[in-house]
Amino acid sequence: MTDVVLRTEGLTKHYGGVHALEDANFEIRRGEHVAIMGDNGAGKSTFVRQITAVEQRTKGKVWFDGKYVEFHDPLEAREAGIETVFQTLALADHLNVPDNLFLGREIIKFNLGPFSILDYKAMREATIAGLQKTGVKIPNINNTIQNMSGGQRQCVAIARTATFKSKLIIMDEPTAALGVQETAQVENIIRTLKEQGEPVILISHNMRQVMDLMDRIVVFRRGRIVADLRKEETDGQDVVAYITGAKTQEQFAGAA
Amino acid sequence: MTDTTHGIGGLTFDPKKRSMPPEIGVAIALVLITLAFEALGWMLMNDSFLFNTRDTVDGIFNVARLKIIILQVSIIGIIAIGVTQVIITGGIDLSSGSVVGATAMIAMSFAQAGEIYGNPNDRAVFFEQGLVDLPLIMPIIVGLACGLFAGLINGLLIAYTKIPPFIATLGMMVAARGVAKWWTKGQPVSFPTDSYAALGAGMTPVFIFAGIAILFGLALRYTVYGKHTYAIGSSEDAARMSGIKVARHKVLVYALAGLLAGVAALVLSSKNLTAQAGMGTMYELDAIAMAVIGGVSLSGGRGSITGTVLGAMIFGVIISGFTFLKLDAYYQEMVKGAIIVGAVVLDQWRQRRTSMRAAK
């Protein structure tokens, strides 16, 4: 089981009387790209929020990188190696690309506590290397985020997760607000990550994208996992049937 | 450097298209305003604003006026350095004027001479306790501690109770003025020791202002402190999600702003050789205005110490220019008001243009 990067068992989240997530058993292996699909309110984002410790789970167990974990906040999860691209991107608009990539984990020349001197050159070089590694195209990394297009911003946010030694990357609808070309660029980055063996969890509503990029599709419905499909064994119509509730896989039959 | 003209992934960009730093605009404004006074001087007064026209004095420039231009804004300039950093985080500090008042009163009480013209100075605040003729370090420590303390309270309130900075520092503004009046029941504190009087004598305030400006200018540009200050003002959520300890950083920024108000109080009371409860009134607004004129954005994330120093210079030139033209101080305030509003309008216009360009 050393191959498994993340495993959850009986992961559950209740908001008062609302059962947003119920008994989710999930796992992702090294190098695997898994899509999470489902209707609005199906529990996809809730599931991610429990893994990344943005919220504290009601019940259930999580193992990450071979160890049982209970992260107290998103920082702990990130330090352990779970990098998340939030829908809001979490970029500082007035800072340029290297500043954003290294925000909160700057490379320093001398340590003077809060007044530690920044090593701009090293951060710049690491940024260029990181962007090249992920195949991100940015005309000018000294430009501030506010002067960039939505696609470029998304690329910067993704490149940030890939520049560091992450063990799992989670993306929450990275192409929802993007045009055709920009979507293609983000998809290329995801392909590059695949070649490099980085495991990715992708939340997406885009069936073509999921079929193109992912190995496995996990379908959520009304807070429960209702299907776990290998790409080769399914097609778009089949997945839609699971999403809408027309079908439920046998092993999850008790769930829905 | 090839990597500045060739983007990542084969894309290129034209470095000439880069937008002009806002400080250049402020510097141009400073030059234009100065030239306007020069022209008005020749038209109305038949004299030069900048250049030396006296036969009795050597030199090309009117050095006395240049000195006054910078000297009269140095003390508020010191406050403006702190306020600039607060505004960059997206906050505001209304308390600095009152903190100057309170700190000046308290610090001066530890700087009083024991004798005036050979007579015992029995009106000194701590005369009975024998705390007169203390070494210079005492009032300095007391003054810095007072400023730091006020700033710390501001910062803790803002960071941990999440009340808006406007309210927290408004409270401090009122409370600190109360402290200033309560300290001696409204009596001025006068007759400092010679060593204390030297702090604000001559051009010393200018050197202190310059030193602090350089120090914090470098800190904002080259240290983690500066990067986090800009990041918090740019997007507090992004800063938090990136692992910046936002609350702790805010406490530090407000504490430093308080500390600098303390420095200003020391220099001001020394320069005036007295401390009064009403000292520093409205300084906070002048300091904010200097920052805003210097291109510091009230919505946070943008601005620099260079800009604020230039903003302070614009203030100094206007005050000196009006005095030179023998115009009443009333006009001066009206023009100052118009310039502050004009600077913010310009800033918003500039920001709109930036976001429109990004949307293209």
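These figures come from a predicted structure and were not determined experimentally.

Peer 1: Help me understand the overall build of chain A in this model?
Peer 2: Check the secondary structure of chain A and you find 8 helices and 10 strands. For chain A, whose C-alpha radius of gyration is 19 Å, the value lies close to the compact-globule estimate of 18 Å for 256 residues. With respect to the three principal axes, the spread of C-alpha positions in chain A is 60 × 40 × 35 Å. Within chain A, buried positions represent 54% of all 256 residues. Relative to all contacts within chain A whose residues are 6 or more apart in sequence, the contacts with residues 24 or more apart total 63%. Here chain A displays about 11000 Å² of accessible surface, and carbon together with sulfur accounts for 49% of that area.

Peer 1: What should I look at first to understand helix α4 (residues 137-160) of chain B in this one?
Peer 2: Residues and elements named next belong to chain B. Here α4 is 24 residues long and its end C-alpha atoms lie 33 Å apart, about the 34 Å a rise of 1.5 Å per residue gives. Taken together, the buried positions of α4 are Pro 139, Val 142, Gly 143, Gly 147, Ala 150, Gly 151, Asn 154, Gly 155, Ile 158 and Ala 159. At its buried positions, α4 is contacted by α3 (96-109), α5 (165-183), α6 (194-197) and α10 (246-272). Just downstream of α4, Lys 162 is the residue with a positive phi angle, here 60°.

Peer 1: I tried to follow the packing of aromatic side chains on my own but got confused; where do I start?
Peer 2: Where two aromatic rings form a pair, the distance of their centres and the angle of their planes describe that pair. Tallied over the full model, the rule gives 12 aromatic pairs over all chains. Aromatic side chains Trp63(A) and Tyr68(A) sit 5.7 Å apart centroid to centroid with 70° between the ring planes, which places their arrangement in the edge-to-face category. Residue class for Tyr68(A) comes out partly exposed when judged on its relative accessible area of 41%. Both rings, one in Phe110(B) and one in Phe126(B), keep their centres 4.8 Å apart while their planes meet at 40°; by these two values the pair is tilted. With Phe110(B) in the loop between α3 and β1 (115-116) and Phe126(B) in the loop between β2 (119-120) and α4, the pair connects residues that are 16 residues apart, well separated along the chain. Across the pair, exposure class does not vary: Phe110(B) and Phe126(B) are buried alike. Ring pairing ties together the aromatic residues Phe37(B), Phe49(B), Phe322(B) and Phe324(B), which thus form one cluster. Over the ring of Trp63(A) we find Arg7(A), and its NZ or CZ is 4.2 Å from the ring centre.

Peer 1: I tried to follow the environment of Leu266(B) on my own but got confused; where do I start?
Peer 2: Residue and element names in this part refer to chain B. Structurally, Leu 266 can be placed in helix α10. For the pair Leu 266 and Leu 199, spaced 67 residues apart in sequence, the C-alpha separation works out to 7.5 Å. Apart from the residues within four sequence positions on either side, Leu 266 is in contact with Ala 107, Pro 139, Ile 140, Gly 143, Leu 144, Tyr 196 and Leu 199.

Peer 1: Help me understand the sheet that holds strand β4 (residues 59-64) of chain A in this model?
Peer 2: Pairing between the strands of a sheet comes from backbone hydrogen bonds, and it takes one of two forms, parallel or antiparallel. Residues and elements named next belong to chain A. Across the sheet, which stays open at both edges, the 4 strands sit in the order β2-β1-β4-β5 with antiparallel pairing between neighbours. With partners counted over all chains shown, the strands left at the sheet margins are β2 (18-29) and β5 (67-68), one partner each. Across 8 bridges, the pairing between strand β1 (residues 4-15) and β2 is antiparallel. In the sheet register, Thr 8 faces β2, and the bridge partner there is Phe 26. In the packing of helix α1 (residues 44-51) onto the sheet, the strands contacted are β1 and β2, and the crossing angle to β1 comes to about 115°.

Peer 1: Can you help me understand the pattern of salt bridges in this one?
Peer 2: A pair can form between side chains of opposite charge whenever their charged atoms are brought close. All chains considered together, the criterion is met by 21 salt bridges over all chains. Two residues, Arg29(A) and Asp3(A), come together in a salt bridge whose shortest N-O distance is 3.9 Å. With Arg29(A) in strand β2 and Asp3(A) in the segment before β1, this residue pair connects regions lying 26 residues apart in the sequence. Arg29(A) sits in the partly exposed class, given a relative accessible area of 32%. By relative accessible area, which is 38% here, Asp3(A) ends up partly exposed. The closest approach of N and O atoms between Asp237(B) and Arg240(B), which form a salt bridge, is 3.5 Å. You can see Asp237(B) and its partner Arg240(B) sitting in helix α9 (residues 236-241), 3 residues apart, about one turn around the helix.

Peer 1: Mind showing me how you'd approach the UniProt feature "domain: ABC transporter" (unreviewed entry) in chain A here?
Peer 2: Per the UniProt annotation, the sites labelled "domain: ABC transporter" (unreviewed entry) are residues 6-247 of chain A. Taken end to end, residues 6-247 of chain A comprises 33% helix and 26% strand; its first and last C-alpha atoms sit 27 Å apart.

Peer 1: Is there a simple way to explain the interface of chain A and chain B in this structure?
Peer 2: When the parts of a complex come together, some accessible area is lost, and that lost area is often used as the size of the interface. Counting residues at the interface gives 38 residues for chain A and 38 residues for chain B. For the pair chain A and chain B, the two sides together bury roughly 2900 Å², of which 64% comes from carbon and sulfur. Its largest share of buried area at the contact with chain B, chain A owes to His94(A), Phe115(A) and Pro139(A), together 20% of the area lost on that side. There are 1 salt bridge connecting chain A and chain B. For Lys227(B), the salt bridge goes to Asp99(A), with nearest N and O atoms at 2.9 Å.

Peer 1: What's the story with the sheet that holds strand β6 (residues 82-85) of chain A in this structure? I'm lost.
Peer 2: All names here are of chain A. What the 6 strands build is an open sheet, ordered β6-β7-β8-β3-β9-β10; its pairing is mixed. Edge positions in the sheet fall to β6 and β10 (224-230), since each has one partner strand and no second. The mean angle between the axes of side-by-side strands here comes to 20°, regardless of whether they run parallel or antiparallel. Looking at chain direction, strand β7 (residues 168-172) and strand β8 (residues 200-203) are connected through 4 bridges and run parallel. Pairing of Asp 172 across the sheet is with Ile 203, part of β8. This element, helix α8 (residues 236-244), spans β3 (33-38), β9 (216-221) and β10 of the sheet and lies at about 25° to β9.

Peer 1: Is there a simple way to explain α8(A) in this structure?
Peer 2: Given 3.6 residues per helical turn, the α-helix brings residues three or four places apart onto the same face. Residues and elements named next belong to chain A. Looking at α8, one finds that the buried residues are Asp 238, Val 239, Ala 241, Tyr 242 and Ile 243. Here the buried face of α8 lies against β3, α7 (207-213), β9 and β10. Looking at the residues trailing α8, positive phi occurs at Gly 245, about 105°.

Peer 1: What's the story with the UniProt feature "transmembrane region" (unreviewed entry) in chain B in this structure? I'm lost.
Peer 2: Residues and elements named next belong to chain B. Annotation from UniProt places "transmembrane region" (unreviewed entry) at residues 24-45, 66-88, 136-159, 166-184, 196-220, 251-269 and 305-324. Between the C-alpha atoms that bound residues 24-45 there is a distance of 31 Å. The span itself is 100% helix and 0% strand. Measuring from the first to the last C-alpha atom of residues 196-220 gives 31 Å, for a span that is 76% helix and 0% strand.

Peer 1: Please clarify how unusual backbone geometry should be interpreted in this entry.
Peer 2: With the exception of glycine, most residues fall at negative phi, and the peptide bonds are largely trans. Notably, Ala53(A) is not glycine yet its phi reads approximately 65°, a positive angle. Tracing the backbone through its elements, the reader meets Ala53(A) in the loop between α1 and β4. Of note, the phi angle at Phe191(B) is positive, near 60°, even though the residue is not glycine. Here Phe191(B) lies in the loop between β3 (189-190) and α6. With a relative accessible area of 41%, Phe191(B) lands in the partly exposed category.

About the criteria used
Residues numbered from 1 in each chain as written. Chains lettered and ligands numbered in written order. Predicted model: local features only at pLDDT ≥ 70, side-chain atom pairs only at ≥ 80, totals over all residues. Heavy atoms only, no water. Helix = DSSP H or I, 4+ residues; strand = E, 2+ residues; numbered from the N terminus. Rg over C-alpha atoms; globule rule 2.2 N^0.38 Å. Buried < 20%, exposed > 50% of the residue type's maximum accessible area, 1.4 Å probe, protein only. Contact = heavy atoms within 4.5 Å. Areas by Shrake-Rupley, 256 points an atom, 1.4 Å probe, with all protein chains shown as cover. Expected span 1.5 Å × (residues − 1). Phe/Tyr/Trp six-rings, centres within 6.5 Å; stacked < 30°, edge-to-face > 60°. Lys NZ or Arg CZ within 6 Å of the ring centre and 35° of its normal. Pairing = 2+ DSSP bridges. Axes fitted to C-alpha atoms, helices over the stretch in contact; angles between N-to-C directions. Salt bridge = Lys/Arg side-chain N within 4 Å of Asp/Glu carboxyl O. UniProt positions renumbered as here; feature names shortened; annotations may be inferred. Buried area = accessible area lost by both parts, 1.4 Å probe.

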